[in-house]
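# Geometric and topological summary
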Amino acid sequence: MKKIVLDCLGGDNGLPAMLAGAVCALEQNPDLQLVLVGDAAVIQPQAGKFGNRVEIIDAKVNIAMDEHPTQAIRTKPDSSLVLGLEQLKKREDCGAFVSAGSTGAVLTGGFMKVGRIAGVSRPALCPTLPSLIDGQDFMLLDCGANMDCTAVQLVQFAVM
């Protein structure tokens, strides 16, 4: 199982909520390994007890929900979101990035820092949602992130 990189500073409730979720996930999933990106002085006392299942990358800069995504990604290279995306890009042992931060900044950062599939011009949000049918989830493609899609982009979303 690859490690999951978690932006601990993102989200409406920030570090306390993200850290509580990380600790809960680690307690429930003994094979889970996380790279926690946020204030190490706050993270270490709670997550350090998980030993080599947790790696902490110190970051004290957050991208706020009301910041312009492209400008924030460019001007805050030491933010938890940017540092987390860079871990995902450069490390083979990391397979996912999770953030409750600005959706626009996550999409823009993913596009700018991680890259995109060749031939795909625009990213799409694609959450997996539970259904009323036991064990059958479904995917909701492009759930509001793009307001002006072309037919070609819709085909690209389907390919993704």
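Scroll up for the structure.
Counting restarts for each chain, with residues numbered from 1 along the sequence as it is written. Given that this is a predicted model, residues contribute local features only at a pLDDT of at least 70 and side-chain atom pairs are listed and counted only at 80 or more, while totals for whole chains, interfaces and linings are drawn from all residues. Only hydrogens and water are set aside when side-chain values are computed; all heavy atoms of the structure are taken into account.

### Focus on the overall build of the protein
For the protein, the helix and strand inventory stands at six helices and six strands. Computed over the C-alpha atoms, the radius of gyration of the protein is 17 Å, within 12% of the 15 Å expected from 2.2 N^0.38 for a compact globule of 160 residues. Based on the C-alpha atoms only, the size of the protein along its principal axes is roughly 50 × 45 × 30 Å. Burial status follows relative accessibility: with a 1.4 Å probe on protein chains alone, a residue under 20% of its type maximum counts as buried, one over 50% as exposed, and anything between as partly exposed. The buried share of the protein, taken over its 160 residues, is 36%. Residue burial considers only the protein chains on display, and all accessible areas are found by Shrake-Rupley using a 1.4 Å probe. About 9200 Å² of surface is accessible on the protein, with carbon and sulfur atoms providing 56% of the total. Runs of H or I in DSSP of at least four residues are treated as helices and runs of E of at least two as strands, each being numbered from the N terminus. Between the two quantities, the radius of gyration covers C-alpha atoms and the globule rule is 2.2 Å times the number of residues to the power 0.38.

### Here's the deal with the sheet that holds strand E1 (residues 3–7)
Each pair of strands is called paired provided DSSP finds at least two bridges between the two strands. Strand order across the open sheet formed by four strands is E3-E2-E1-E4, with parallel pairing between neighbours. Each end of this open sheet is capped by a strand with a single partner; those strands are strand E3 (54–58) and strand E4 (94–99). Neighbouring strand axes in the sheet, compared pairwise and without regard to direction, differ in orientation by 20° on average. Between two residues, a contact is recorded if the distance between any of their heavy atoms is within 4.5 Å. Comment: axis = line fitted to C-alpha atoms, over the contacting stretch for helices; angle = value between 0 and 180 degrees taken between N-to-C directions. Sitting on the sheet, helix H1 (residues 14–28) is in contact with E1, strand E2 (34–38) and E3, with an inclination near 170° to E2.

### Considering the environment of Asn52
Relative to the assigned elements, Asn52 resides in the loop between helix H2 (40–47) and E3. Judged by relative accessible area, Asn52 falls into the exposed class, the value being 70%. C-alpha of Asn52 to C-alpha of Ala100: the two residues are 48 residues apart in sequence and 24 Å apart in space.

### Topic: the packing of H1 against H2
Packing of H1 against H2 brings their axes to within 11 Å, and their N-to-C directions diverge by 30°. On the basis of the axis angle, H1 is roughly parallel to H2. By crossing handedness, the relation of H1 to H2 is classed as right-handed. Touching Leu15, Leu19 and Val23 of H1 are Val42, Ile43, Gln46 and Ala47, all from H2. Roughly parallel means an angle under 35 degrees; roughly antiparallel means over 145; roughly perpendicular covers 65 to 115; every other angle is labelled oblique. Handedness of each helix crossing follows the sense of rotation of the near helix against the far helix: counterclockwise by less than a right angle gives left-handed, clockwise gives right-handed.

### Details of the packing of helix H4 (residues 80–90) against helix H5 (residues 103–114)
Two numbers describe a pair of packed helices, the interaxial angle and the distance between the axes. Between H4 and H5, the shortest axis-to-axis distance is 10 Å and the interhelical angle comes to 40°. Of the possible angle classes, the one that applies to H4 and H5 is oblique. The chirality of how H4 crosses H5 is right-handed. Only Ala105, Val106, Gly109, Gly110, Lys113 and Val114 of H5 make contact with H4, whose side of the interface consists of Leu81, Val82, Leu85, Glu86, Leu88 and Lys89. As a working rule, the residues Ala, Val, Leu, Ile, Met, Phe, Trp, Tyr, Cys and Pro are called nonpolar, Asp, Glu, Lys and Arg charged, and the rest polar, with Gly in that last group. Split by residue class, the contact of H4 with H5 holds seven nonpolar, two polar and three charged.

### Considering the environment of Lys76
In this structure, Lys76 sits in the loop between helix H3 (69–75) and H4. Along the chain, Lys76 and Val61 lie 15 residues apart, while their C-alpha atoms are 7.5 Å from each other. Not counting residues up to four positions away in its chain, the partners in contact with Lys76 are Val61, Asn62, Ile63, Glu67 and Val82. Only 3.0 Å separates the side chain of Lys76 from the backbone oxygen of Asn62, close enough to count as a polar contact. As used in this structure description, the phrase polar contact means that two N or O atoms lie within 3.5 Å; if the pair is within protein, one of them must be able to donate a hydrogen and the other to accept it, and residues adjacent in sequence are counted only when both atoms belong to side chains.

### Quick word on the environment of Arg74
Structurally, Arg74 can be placed in helix H3. Under the relative-accessibility criterion, Arg74 is labelled exposed at 62%. Taking the C-alpha atoms as reference, Arg74 lies 10 Å from Thr108; in sequence the two are 34 residues apart.

### Describing the pattern of salt bridges
Every case where a carboxyl oxygen of Asp or Glu lies within 4 Å of a side-chain nitrogen of Lys or Arg is listed as a salt bridge. Enumeration according to the criterion identifies nine salt bridges in this entry. In this structure, Glu55 and Arg91 form a salt bridge, with 2.8 Å as the shortest nitrogen-oxygen distance. In this pair, Glu55 sits in strand E3 while Arg91 sits in the loop between H4 and E4, placing the two residues 36 residues apart along the sequence. Taking relative accessible area as the criterion, Glu55 reaches 26% and is therefore assigned partly exposed. The class of Arg91 is buried, set by a relative accessible area of 16%. The shortest N-O distance in the salt bridge between Asp58 and Lys60 comes to 2.8 Å. Three or more residues are tied together by salt bridges with common partners; here these are Lys3, Glu55, Arg91 and Asp93.

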